[in-house]
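Letter by letter, the chains look like this.
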Amino acid sequence: MAVSAENKRRLVTAALVGPAAVWLFTFLVLPFTAVVIFAFGERAPEGGYQPAFTLAQFANLGARSAAFTNTLTLAPIGALACLLIAYPVAYYLAIKADQKYRMFLISLIVIPFWTSMLVRTYAWMYLLGARGIPHLFELAGIDDVRLLNTPGAVLLGIVYGYLPLMILPIYVSLEKLDRRLLDASADLGATPLSTFFGVTLPLSLPGVMTGVALVTILLLGEYLIPQLLGGGKVFFIGNALVDLFLQSRNWPFGSAIAVTLVVVVVAVLLVAMRIAWRVSGSRQVDLI
Amino acid sequence: MRALVFALYLFLYAPIALVVLFSFNSGRNASELVGFSTQWYGRALSNPFLMDALQTSLIVAFTSASLAAIFGTMAAIGLERLGQRTRAVFDGLLSAAIVVPGVVIGIATLVALVELFSFLNPAIAAVWPGTDPPKLGLGYGSIVAAHGLFTMALVTMIVRARLASLGRDIIDASSDLYATPLTTFREIVLPQIAPSILAGFLLAFTFSFDDFIIAFFVAGSKTTLPMYVFASIRRGITPEINAIATIVLVASLVLIVMARFLTREKKLKSGDVAQKA
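As recorded by an unreviewed UniProt entry, chain B carries the name Spermidine/putrescine transport system permease protein and is attributed to Hyphomicrobium facile. UniProt's Subcellular location (unreviewed entry) comment on chain B is quoted here verbatim: "Cell membrane". Listed under Sequence similarities (unreviewed entry) in UniProt, the entry text for chain B is "Belongs to the binding-protein-dependent transport system permease family. CysTW subfamily."

Going by an unreviewed UniProt entry, chain A carries the name Spermidine/putrescine transport system permease protein and comes from Hyphomicrobium facile. Turning to chain A, the UniProt annotation filed under Sequence similarities (unreviewed entry) states: "Belongs to the binding-protein-dependent transport system permease family. CysTW subfamily." Per UniProt, chain A carries the Subcellular location (unreviewed entry) text "Cell membrane".

What follows is the structure, given as structure tokens:
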């Protein structure tokens, strides 16, 4: 009797997690294995993949060094720029803002993040393009202002696109903060500034780490922003991947780049988790 | 400080507002408002390619979000029942599905399916009795599969968080009153997690409806709405794109506000309970 009940329980569990397990295996584990295998292969003469075992693709990564350089500089710079703007805003919303409007104000921050990134990036393409802000300069007598297709435009698009994602975790960590600590600090004679640097900032670091890690990771795989606002001049790894898979059809080389990208993403994640553990003193850090 | 926050909201909303504003501009020029007109909407709505792309996006988003909501919820419930080691593997895969960049998901699905089809199609042709064997290819199925990977993981996380916040005591009370596990689930657990499932569905729908990069790789001959918008932008900026962008914006706005509303109500309720306690 007990055995059959145990079996029944197992069967139900298997039925519950089965579909998700099959999905994860078929569309995550298998495809990623294929990409890793491809990364050690050769390009077939007509494009695509030809079986081989070679490290040539990885040795050739330097051929796309510009994409790596751009991504690995603009992603951290973009995340840092987001952080510098996000922190004061999150601080205001969590500590200073009227509790009545807090939920509404934070909703206004979250909503843009879930609306189409394509449309939001297009908005800046529209504003920075020849008929937008540069046209206004022209009317004012200043000609030849070029804003679109510059690293600055890409950085602006990055900040615009990812700011909400930086604000949210910082807001959450500041909101959880025990207000009595701030009062205690003030009662003990600390100035507001030293309370901030001694109490508030250290306690909000897990949120900061989460935000920086999330934004950096998403930026490492970014395609649309450099494509639309960088106009092919500011090239990211994502753009190189689209080119290699859809245009020049060099799948093995593209796979090697994709594998490298995932390694970088995992490395960023691990470093962020390590730092978050250290600052929060606990192993329970939810980065996602 | 208040001024800074105000400036931030302006920064977040002004560019979108301008896109919307100029979609009602009767002139072609993007820098001067000439007069009010809905002509660009008329033009957009009578564009068969656009309507086709919209239909594709709706079908894909609805299918992938439904599957994600069902399988994600099932997984969230089932995960609690798994052994520690199996659950750790599962957790790892779910996190991977969320953090692996979309561009890599797109590539991996493309590579794997193309290889799979090149192996399967001759095999099917060999055993097919008729003269015209079916040919597997990229399309609806591959987009749904790739979108569903991310969104299923998302739904699992959302529903799981809700399940974890459920009191164990009401479930125990239910079984003490001789409810079968199924009855307890239907009468006690499901009503409590339903808003989270629906919110997960809406977020999944929004993600799929807005995604460009994954579909770009695995859509095959199909064109989703973001793919169409992207292609149009590259052909040149016209007020018609502003009209399409506005439609996309309104659609995802409605969905996300609904999702926020559903999860917010839940938070208020748990707040009330905490206050009473």
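We are not done yet, so read on.
Caption draft 1: Spatial organisation of the overall build of chain B. Secondary structure summary: chain B contains eleven helices and zero strands in total. Reading chain B from its N terminus to its C terminus gives the helix and strand order α-α-α-α-α-α-α-α-α-α-α. Against the globule reference of 19 Å for 277 residues, chain B gives a C-alpha radius of gyration of 23 Å, more extended than a compact globule. C-alpha extents for chain B along the principal axes are approximately 70 × 70 × 30 Å. For chain B, the residues scored as buried account for 47% of the 277 residues in total. Within chain B, counting contacts between residues at least 6 apart in sequence, those at least 24 apart form 70% of the total. Accessible surface computed for chain B: about 13500 Å², of which carbon and sulfur atoms make up 67%. Averaged over its 20 positive side-chain charges, chain B has a centre that lies 4 Å from the centre of its 15 negative ones.

Caption draft 2: Summary view of the overall build of chain A. The number of helices and strands found in chain A is twelve helices and two strands. In sequence order, the secondary structure elements of chain A are arranged as α-β-β-α-α-α-α-α-α-α-α-α-α-α. Taken over the C-alpha trace, chain A has a radius of gyration of 24 Å; the compact-globule value for 288 residues is 19 Å, which it surpasses by more than 25%. Taken over the C-alpha atoms alone, chain A extends approximately 90 × 75 × 30 Å along its principal axes. For chain A, with 288 residues in total, the buried portion stands at 50%. When the accessible surface of chain A is split by element, carbon and sulfur atoms take 67% of a total near 13500 Å². Chain A carries 19 positive and 14 negative side-chain charges, and their two centres are separated by 7 Å.

Caption draft 3: Highlighting the layout of surface pockets. In this structure, the second largest pocket occupies an estimated 870 Å³ of space. Lining the second largest pocket are 22 residues; nearest its centre among them are Ile77(B), Arg81(B), Ile171(B), Pro181(B) and Phe185(B). Put simply, the parts of the chain that give the lining of the second largest pocket at least two residues each are α1 (2-39) of chain A together with α3 (48-79), α7 (168-176) and α8 (181-210) of chain B. Residue composition of the lining of the second largest pocket, by class: 13 nonpolar, four polar and five charged.

Caption draft 4: Spotlight on the pattern of salt bridges. Residue and element names in this part refer to chain A. Here the structure, examined in full by the defined rule, presents five salt bridges over all chains. The salt bridge partner of Glu-6 is Arg-10, with a shortest N-O separation of 3.9 Å. Linking Glu-6 with Arg-10, this pair stays in helix α1, spanning four residues, or about one helical turn. A salt bridge links Arg-102 to Glu-175; the nearest nitrogen and oxygen atoms lie 3.9 Å apart. With Arg-102 in helix α4 (residues 99-114) and Glu-175 in helix α7 (residues 151-175), this pair connects stretches of sequence that are 73 residues apart. For Arg-102, a relative accessible area of 8% puts it in the buried group.

Caption draft 5: Structural view of the UniProt feature "domain: ABC transmembrane type-1" (unreviewed entry) in chain A. According to UniProt, the feature "domain: ABC transmembrane type-1" (unreviewed entry) maps to residues 68-274 of chain A in the numbering used here. Across residues 68-274 of chain A, the secondary structure splits into 81% helix and 0% strand, with the terminal C-alpha atoms separated by 24 Å.

Caption draft 6: View of the UniProt feature "transmembrane region" (unreviewed entry) in chain B. What UniProt calls "transmembrane region" (unreviewed entry) maps, in this numbering, to residues 54-77, 89-117, 137-159, 196-221 and 241-262 of chain B. In residues 137-159 of chain B, helix accounts for 87% and strand for 0%; the two terminal C-alpha atoms are 33 Å from one another.

Caption draft 7: Structural context of the packing of aromatic side chains. Residues and elements named next belong to chain A. For the structure on display, the rule yields 25 aromatic pairs over all chains. The interplanar angle of 90° and the centroid separation of 6.2 Å between the aromatic rings of Phe-113 and Trp-114 together place this pair among those described as edge-to-face. Take Phe-113: its relative accessible area is 22%, and that puts it in the partly exposed class. Look at Trp-114 and you get buried, because its relative accessible area is 19%.

Caption draft 8: Inspection of the interface of chain A and chain B at higher detail. Across the boundary between the two partners, chain A contributes 72 residues, which contact 80 residues of chain B. Three residues stand out in chain A for area buried against chain B, namely Trp23(A), Trp114(A) and Tyr126(A), and they jointly supply 12% of the buried area on that side. Between chain A and chain B we count zero salt bridges in total. Applying the counting criterion to the chain A and chain B interface returns ten residue pairs in polar contact (both at pLDDT 80 or more). Only α1, α3 (65-96), α4, α5 (117-128), α7, α10 (224-229), α11 (237-247) and α12 (251-280) of chain A provide two or more residues apiece to the side of chain A that touches chain B. Ranked by the residues each element gives to the side of chain A that touches chain B, the list is headed by α1(A), at 19 residues.

Caption draft 9: Expanded view of empty space enclosed by the protein. Counted according to the given criterion, the structure contains four cavities of 30 Å³ or more. One number sums up the size of the second largest cavity: a volume of about 40 Å³. Where the lining of the second largest cavity is concerned, the elements lending two or more residues are α1 of chain A together with α5 (102-127) of chain B. Residue classes in the lining of the second largest cavity are distributed as eight nonpolar, one polar and no charged.

Caption draft 10: Expanded view of the packing of α5(A) against α7(A). All names here are of chain A. Contact geometry of α5 with α7 gives a least axis separation of 10 Å together with a crossing angle of 140°. Between α5 and α7, the angle is such that the two are oblique. Like other packed secondary-structure pairs, α5 and α7 cross with a definite hand, here right-handed. Across the interface between the two elements, Met-117, Arg-120, Trp-124 and Leu-128 of α5 pack against Ala-153, Leu-156, Tyr-160, Gly-161 and Tyr-162 of α7. A per-class count over the contact of α5 with α7 returns seven nonpolar, one polar and one charged.

Caption draft 11: Seen up close, the environment of Ala215(B). Residues and elements named next belong to chain B. Assignment of secondary structure puts Ala-215 in helix α9 (residues 213-218). Between the alpha carbons of Ala-215 and Val-144 there is a distance of 9.1 Å; along the sequence they are 71 residues apart. Excluding anything up to four places from it in sequence, Ala-215 contacts Ile-143, His-147, Thr-224 and Met-227.

Cut-offs applied
Residues numbered from 1 in each chain as written. Chains lettered and ligands numbered in written order. Predicted model: local features only at pLDDT ≥ 70, side-chain atom pairs only at ≥ 80, totals over all residues. Heavy atoms only, no water. UniProt positions renumbered as here; feature names shortened; annotations may be inferred. Helix = DSSP H or I, 4+ residues; strand = E, 2+ residues; numbered from the N terminus. Rg over C-alpha atoms; globule rule 2.2 N^0.38 Å. Buried < 20%, exposed > 50% of the residue type's maximum accessible area, 1.4 Å probe, protein only. Contact = heavy atoms within 4.5 Å. Areas by Shrake-Rupley, 256 points an atom, 1.4 Å probe, with all protein chains shown as cover. Lys, Arg positive; Asp, Glu negative; His and termini not counted. Charge placed at Lys NZ, Arg CZ, Asp CG, Glu CD. 1 Å grid on protein atoms, 1.4 Å probe; cavity = no way out; pocket = protein on both sides within 12 Å on 5 of 7 lines; lining within 4 Å. Points joined across faces, edges and corners; volume = space filled by probe spheres on them. Nonpolar A, V, L, I, M, F, W, Y, C, P; charged D, E, K, R; others polar. Salt bridge = Lys/Arg side-chain N within 4 Å of Asp/Glu carboxyl O. Phe/Tyr/Trp six-rings, centres within 6.5 Å; stacked < 30°, edge-to-face > 60°. Buried area = accessible area lost by both parts, 1.4 Å probe. Polar contact = N/O pair within 3.5 Å; in protein donor to acceptor, adjacent residues only side chain to side chain. Axes fitted to C-alpha atoms, helices over the stretch in contact; angles between N-to-C directions. Parallel < 35°, antiparallel > 145°, perpendicular 65-115°, else oblique. Left-handed = near helix turned anticlockwise from the far one by under 90°.

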